[in-house]
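Descriptive structure summary
Here's the letter readout for the chains.
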Amino acid sequence: MITSVDVVLPCLDEAEALPGVLGRLPAGYRAIVVDNGSTDDTASVAAAAGARVVAEPKRGYGAAVHAGLLAATADVVCVLDADGSLAPEALPGLVASVAGGADLAVGRRVPAGRGAWPWHARGGNLLIAALLRRRGIPVRDIGPVRAARRDSLLALGVRDRTYGYPLELLLRAGAAGWRIHETDVAYSPRTGGRSKVSGSVRGTVRAAWAMSSVLAGAR
Ligand SMILES: Nc1nc2c(ncn2[C@@H]2O[C@H](COP(=O)(O)OP(=O)(O)OP(=O)(O)O)[C@@H](O)[C@H]2O)c(=O)[nH]1
Ligand SMILES: [Mg+2]
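Residues numbered from 1 in each chain as written. Chains lettered and ligands numbered in written order. Predicted model: local features only at pLDDT ≥ 70, side-chain atom pairs only at ≥ 80, totals over all residues. Heavy atoms only, no water.

By the naming in an unreviewed UniProt entry, the protein is Glycosyltransferase family 2 protein, taken from Pseudonocardia eucalypti.

What follows is the structure, given as structure tokens:
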């Protein structure tokens, strides 16, 4: 039985989008905002909205997610981007998958409208997901929204602290024989703030580089 759910929101300068995301979290889901060295008002905006704020000065998506996971206390932890691109309303479905026996529930991004997911960001994900399926890991995306039991996630020992984190998590979960359940989640343009990854070719190249290092290590 799942009695509590924490939602880790990795944040680098998300003061604009964050209130909307926090305001839409399902009732009873507790927000843990990880402020990843923001220079905007992310921390104060999060605290004002009632979220717990954890500071992780070491930059990187994986570093932020891991800090949130350590700070979490709930049975099940969800991870969600804080830029408003993914609806918090999708989380109960993922948690239901975990309650139903999945070890890891992940969201597959389905673009909602034009500009939500530029081709240069999407192509690499499709390719890597195809490689994962060849290894028997049943996913169509390397998604940024997921739910799993906190203890199991920590025991998995994901080491990457950058954009390679979601891919390493899937690889380790597959190797550990986890039951992985992927469901569609709508993916929209961020609702505020500045694009850091998929909005630019430079950001995409950095993310692709992080993922290829993970793949090289897993060969
Ligand atoms: N880029 C980046 N994001 C971070 C970092 N630490 C935490 N994050 C958060 O991780 C989440 C995903 O990053 P995004 O910048 O939305 O990445 P993306 O969706 O691929 O690209 P854009 O939305 O176009 O920037 C957001 O909530 C970020 O604020 C970091 O060091 N770099
Ligand atoms: Mg985003």
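Further notes follow.
1. Points about the overall build of the protein
Across its full length, the protein carries eight helices and seven strands. For 219 residues, the compact-globule formula gives about 17 Å, and the C-alpha radius of gyration of the protein, at 16 Å, lands near that figure. With the principal axes as the frame, the protein shows a C-alpha extent of 45 × 45 × 35 Å. Considering only intrachain contacts with a sequence separation of at least 6, the fraction spanning at least 24 residues in the protein is 74%. For the protein, the accessible surface area stands at approximately 10000 Å², while carbon and sulfur atoms represent 54% of it. Of the charged side chains in the protein, 26 are positive and 19 negative, and the gap between their average positions amounts to 8 Å. (Helix = DSSP H or I, 4+ residues; strand = E, 2+ residues; numbered from the N terminus. Rg over C-alpha atoms; globule rule 2.2 N^0.38 Å. Contact = heavy atoms within 4.5 Å. Areas by Shrake-Rupley, 256 points an atom, 1.4 Å probe, with all protein chains shown as cover. Lys, Arg positive; Asp, Glu negative; His and termini not counted. Charge placed at Lys NZ, Arg CZ, Asp CG, Glu CD.)

2. A few points about the UniProt feature "domain: Glycosyltransferase 2-like" (unreviewed entry) in the protein
Mapped onto the present numbering, the UniProt feature "domain: Glycosyltransferase 2-like" (unreviewed entry) falls at residues 7-151. What you have in residues 7-151 is 35% helix and 21% strand, and the ends, taken at the C-alpha atoms, are 15 Å apart. (UniProt positions renumbered as here; feature names shortened; annotations may be inferred.)

3. Things to note about the nonpolar core
The nonpolar side chains of a soluble globular protein tend to be buried with one another. L104, L132, I142, L167, W178 and I180 are the most contacted members of the largest nonpolar core, which totals 36 residues. Looking at this core, the elements with two or more residues in it are β2 (30-35), α3 (61-71), β4 (76-79), β5 (104-111), α5 (119-134), α6 (150-156), α7 (165-175) and α8 (201-217). Not counting residues within four places of it along the chain, the set of residues in contact with L132 comprises I137, V139, I142, L167, L170 and L171. Counting residues in hydrophobic clusters, the runner-up holds 29 residues, among them V21, L25, V98 and W117. (Core = buried A, V, L, I, M, F, W, Y, C linked by side-chain atoms within 4.5 Å. Buried < 20%, exposed > 50% of the residue type's maximum accessible area, 1.4 Å probe, protein only.)

4. Overview of unusual backbone geometry
A positive phi angle, close to 55°, is found at D13, a residue other than glycine. Of note, D13 is situated in the loop between β1 (5-11) and α1 (18-23). For D13, a relative accessible area of 24% gives the class partly exposed.

5. Comments concerning α7
Residues separated by three or four positions in an α-helix point in the same direction, a consequence of the helix having 3.6 residues per turn. Counting buried residues along α7, eight of its 11 residues qualify, which places the element largely inside the surrounding structure. Every buried residue of α7 is accounted for by Y165, P166, L167, E168, L169, L170, L171 and A173. Where α7 terminates, the next one or two residues include G177, which has phi positive at roughly 75°.

6. Overview of the side chain of D35
Here D35 shows up in strand β2. Buried and unpaired, D35 has no salt bridge, with R59 as the nearest side chain of opposite charge at 7.4 Å. Apart from residues lying up to four places away in sequence, D35 is in contact with C11, T42, A43, V53, V54, A55 and E56. (Salt bridge = Lys/Arg side-chain N within 4 Å of Asp/Glu carboxyl O.)

7. Focus: the pattern of salt bridges
For the coordinates displayed, the defined rule picks out nine salt bridges. Between D6 and R30 there is a salt bridge, with its nearest N and O atoms 2.7 Å apart. Here the residue D6 occupies a position in strand β1, and R30 occupies one in strand β2, the gap between them amounting to 24 residues. For D6, a relative accessible area of 2% gives the class buried. Given a relative accessible area of 38%, R30 falls into the partly exposed group. Look at the salt bridges and you will find they share partners, linking E14, D83, R190 and K196 into a network.

8. Looking at α5
For α5, which comprises 16 residues, the first-to-last C-alpha distance of 23 Å matches the rise-based estimate of 22 Å (1.5 Å per residue) to within 8%. Structurally, α5 contributes buried residues whose contacts are with β5, α7 and α8. Taken from the residues just after α5, G136 is the one with a positive phi, measuring 85°. (Expected span 1.5 Å × (residues − 1).)

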